[in-house]
Amino acid sequence: GLACPEPFAVTRNETCVIKYPDTVVDIVEPDLPPYSVIYPGPTLTTFPQHTVVGSTALLDIRNLLGSMGFGGRCGL
């Protein structure tokens, strides 16, 4: 006669892309006109994974997901 709560697990993957600014280097040589060299900034792509495991009897899933950032933000 003991009722057991249902277990649950929620997993979410999201792509997070960050583009860092370019680096500009000014070159000045005595016999040439000055010029600039632009080094493109790196692009970092990650695939963070968020997992929640628990029991339906212990928590409200919607509140937990909101507090853990399951809203499409980049978490780096």
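Provided above is the structure to which this section pertains.
Conventions adopted
Residues numbered from 1 in each chain as written. Predicted model: local features only at pLDDT ≥ 70, side-chain atom pairs only at ≥ 80, totals over all residues. Heavy atoms only, no water. Helix = DSSP H or I, 4+ residues; strand = E, 2+ residues; numbered from the N terminus. Buried < 20%, exposed > 50% of the residue type's maximum accessible area, 1.4 Å probe, protein only. Contact = heavy atoms within 4.5 Å. Areas by Shrake-Rupley, 256 points an atom, 1.4 Å probe, with all protein chains shown as cover. Salt bridge = Lys/Arg side-chain N within 4 Å of Asp/Glu carboxyl O.

## Some points on the overall build of the chain
Of regular secondary structure, the chain possesses one helix and six strands. For the chain, the residues scored as buried account for 13% of the 76 residues in total. The long-range fraction of contacts in the chain, counting pairs at least 24 apart against all pairs at least 6 apart in sequence, stands at 65%. For the chain, the exposed surface amounts to about 6,100 Å²; the carbon and sulfur share of it is 60%.

## Examining the pattern of salt bridges
Applying the stated rule across the entire model yields one salt bridge. A salt bridge links K19 to D22; the shortest N-O distance between them is 3.3 Å.

## What to know about the environment of R12
Relative to the assigned elements, R12 resides in strand β1 (residues 7-13). For R12, a relative accessible area of 32% gives the class partly exposed. When the C-alpha positions of R12 and P48 are compared, they lie 8.4 Å apart, and in sequence the two are 36 residues distant.

## Focus on the environment of A9
Position of A9 relative to the elements: it lies in strand β1. On the accessibility criterion, A9 (58% relative accessible area) is exposed. Sequence separation of A9 and V53 is 44 residues, and the distance between their C-alpha atoms is 4.3 Å. Beyond its immediate chain neighbours, meaning those up to four positions away, A9 contacts V52 and V53.

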